[in-house]
Amino acid sequence: MVAFTKRLGILLVTLPISLSSSFVPTRRTNVVVERRHPIFSTKTDNAIQTDADLSQMTVVALKDRLRQLNLPLSGRKDDLVKRLLDNSDQQPPQPDTHEPKQEEAARSSEKKEDDDSTIYNNLTVPALKERLRELGLSVGGRKADLIERLLESNDNTHTEHEAEKEDEIEIEASDDDLTHPDLSSDDDDENSNDTDRSESSTRRARRKKFWKTQEVRELIKQNDQSAIMKAEEMITQLERLAAETGDDEYLPGPIQYTTLIEAYSHGGTVDAAQRAEKVINRLLSSVDNKDANPTTQMLNAIIGAYASTGTEESSAEQATAILEKMEYIKDFGDGTVKPSVHSFAMTINAWSNVGSETAAHNAEEILKRLLEDYDEALEQDTEYAKELKPNNVVFNSVIDAWARSGSNSAGEKAESILLRMEALSKIKIYDVRPDTITFNTCIKAWCNSGHPDAPLKAEGLLRKLETNPQYPKQRGGMLIVRPNRLSFNTVINSWAKSRKPKSAVYAENLLIRMIKSYQSDPFSTVKPDVITFSSVLNALAKSKATGFKAEKCKSVLNSMITLYEDDGSSDTKPNVICYNTVLNACAFSARGGPDERRKALSVAVETFNELRRGQFGLSPDAVSYGNMLKCCANLMPPGSYRTKMASQLFTSCCNDGLVGGMCLDEIRRCLPPREFMQLLAKCGCSKPLNQGRMAHSVQLSQLPRAFTKNVKAGDLKDRQRDSYAPKKTKNIVRGRKQKEHPVLRRPGLLIEQSWMSGKDV
């Protein structure tokens, strides 16, 4: 019985810490220790406890005293002090004979509690609340309240575990005393003590690594720039702890190194990706830490880092080299690292970002390697075949590589991959079937190819998509593919860029189909937005074969306004670009007859006045004034009426601080040179007139700052026409160069194609 009591006392001191199911660090609370604070001295039975003495103690010391008295530990410091004062007549239990070990355990408990508090203080409030939800606790209050709640939960959880441990120890000890009394010896006690210490040290190391990793992952989720620095500090600190304590449990493992590489991959730079690769090379050549060998997840993170660095071809080559290294380790290594379908998808994505025809070919070659490896794995290793199973993401990435290549054959290549996906969808061993993204990317490939019939080919795919094709799912059922807004917008934009005679008509017909589909089907996904209307307006404004295009553009704008007023959605709210496009269409209606020019001018005045009234919170910008002055120059004959209207517009433009390059260019077309100089002086810029300068010599940068203060940087560029600039010297008379005076074009009607001045839109 003496041996049992001795062993029980040792076990109570060295009992290992139990972890809760949510892996929350706990504190040692099983050791009953008497604190040597003066007010808790056991020299006299009538110790007097005062409020001042208790207030000087820490929360940890107060809780220890409450534990000795078997009192609750919850509440703030004031509540703990009050609880001790109310129970001051109770005496703490007498310490046992193992006082040195108990004091050591108490100091360890204090240090552990400080460590827990430090860890919790380093976590963000959302992380603390997530931990509380896992424990089923309340998440209200400030950060200090959340931390205190977690610490109390640790105390309660640990107390329950310790009670269970003590019951088990008593049962085991009593059985040993009854059946094997001769087996209790000092050697057994020492071995048990050493085992407990080892287990406690292992748990402490794992807990340290866990919280360090969690801290870095929180920074990665928040896209914090300090994530890389924190991850490097984590690896350095863990390696230093392992060296200082001689415990290999502190060495970073695969999880820690994977977190470090993920932090590098979120850096988005080539340097970060190269540093991640150096980590892998160091692990491959290291023999000290065998538990931190490179894993598939680590190498995938490096490929992702190279894929996110931009459009450099060298980054895609590095990603391919990592993929080849994984294949080499799979074939000639221990087989622990094997490329997955995710590895192939990220490598293809790296080539897709390059945006060249060669990169698209390389992406397609990697897809072929994946299919070959998958067929081989089906015959040799069915478990590994599940990790290699191709999916839509891989095929869509290859199609996107062709869409970005700009090759003339991009549309044909993309559509051939689409047909291959449709064929593979009928084979059960492949989990591949086209979806809306596949069709949209193929349409994009045709639109970017520069093929003469690209808009027709793209619209053909759109019509096929409108039939809602169906493909069998892997687990039964059918996948119904439907078009969305992006499908129509891509084709409309393709028609807007086309120079075919009836491109604007095709774009307008697509818009009408979208509006009808949206109004007839309440669950339609093809509701037109501001991009749809802007593309159609742009197509009409640039069209050379469309008559009365100013009125058609105004009709499209009115349809947009009506749709916005019906549902109030911000997707269809008109912006200033839509109004400027209508003004631009009016300005380039000069090819028509007098009736068309008259109606175009009327539409321009009405549209500009709507902007001036601030409809939908809009106001004219520098392009609006420039387009309106262009309407005056193109649609109105020279005379006093045009001079008066242009002068009023330019004066208003100066007062609004919106004189841009196009505005200065067009006012010189509307007014004779002398009247232009007088108008500048009237607006507050008399220096050019006083200096006797020519109208064409006035530069935008020489105007007062008040004239241009509200102009965007892109509209400040001088857009002077060649007719207003002095021509180069070419005649030589008696060895001297003579300058030719600029030939000023007489103001009048200007016939100019819309596509020649796309910047005006």
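Rules of the game
- Residues numbered from 1 in each chain as written.
- Predicted model: local features only at pLDDT ≥ 70, side-chain atom pairs only at ≥ 80, totals over all residues.
- Heavy atoms only, no water.
- Helix = DSSP H or I, 4+ residues; strand = E, 2+ residues; numbered from the N terminus.
- Expected span 1.5 Å × (residues − 1).
- Buried < 20%, exposed > 50% of the residue type's maximum accessible area, 1.4 Å probe, protein only.
- Axes fitted to C-alpha atoms, helices over the stretch in contact; angles between N-to-C directions.
- Parallel < 35°, antiparallel > 145°, perpendicular 65-115°, else oblique.
- Left-handed = near helix turned anticlockwise from the far one by under 90°.
- Contact = heavy atoms within 4.5 Å.
- Nonpolar A, V, L, I, M, F, W, Y, C, P; charged D, E, K, R; others polar.
- Core = buried A, V, L, I, M, F, W, Y, C linked by side-chain atoms within 4.5 Å.
- Arc of directions from axis to C-beta.
- pLDDT = per-residue confidence, 0-100.

Some thoughts on helix 10 (residues 254–265)
Working step 1: Its twelve residues place the ends of helix 10 16 Å apart at the C-alpha level, agreeing with the 16 Å of an ideal helix rising 1.5 Å per residue.
Working step 2: For helix 10, the buried fraction is high: nine of the twelve residues fall into the buried class.
Working step 3: Buried within helix 10 we find Q256, Y257, T258, T259, L260, I261, A263, Y264 and S265.

Observations concerning the packing of helix 17 (residues 392–405) against helix 18 (residues 410–424)
Working step 1: With their axes 8 Å apart at the nearest point, helix 17 and helix 18 run at an angle of 170 degrees to one another. The angle between the axes of helix 17 and helix 18 places the two elements in the roughly antiparallel class. With respect to the hand of their crossing, helix 17 and helix 18 are arranged in left-handed fashion. Here N392, F395, N396, V398, I399, W402 and S405 of helix 17 come into contact with helix 18, specifically with A410, K413, A414, I417, L418, M421 and L424.
Working step 2: Per-class residue counts for the contact of helix 17 with helix 18 are ten nonpolar, three polar and one charged.

What to know about the nonpolar core
Working step 1: With 157 residues, the main nonpolar core has F650, I667, F676 and L703 as its most contacted residues.
Working step 2: The dominant element in this core, judged by the number of residues it contributes, is helix 15 (residues 357–380), at nine residues.
Working step 3: Those residues in contact with F650 that lie beyond four places of it in its chain are V659, C663, I667, L679, L680 and C683.
Working step 4: In this structure, L54, A61, L66 and L71 belong to the second largest nonpolar core, which totals eleven residues.

Remarks on helix 4 (residues 77–86)
Working step 1: Turning to helix 4, its buried residues are L80, V81, R83 and L84. What you see down the axis of helix 4 is that its buried residues fit within an arc of 160 degrees, all on one side. Along helix 4, the residues that are exposed and aim more than 90 degrees away from the buried face are D78, K82 and D86.

Concerning the confidence of the model for the protein
Working step 1: Chain-level statistics for the protein give a pLDDT mean of 77 and a share of 75% at 70 or above.
Working step 2: Low pLDDT, under 50, characterises residues 163–187; the predicted model gives this stretch 17 contacts beyond four residues in sequence or across chains.
Working step 3: Note that residues 739–761 has pLDDT below 50 and, in this model, 65 contacts with residues that lie over four places away or in other chains.

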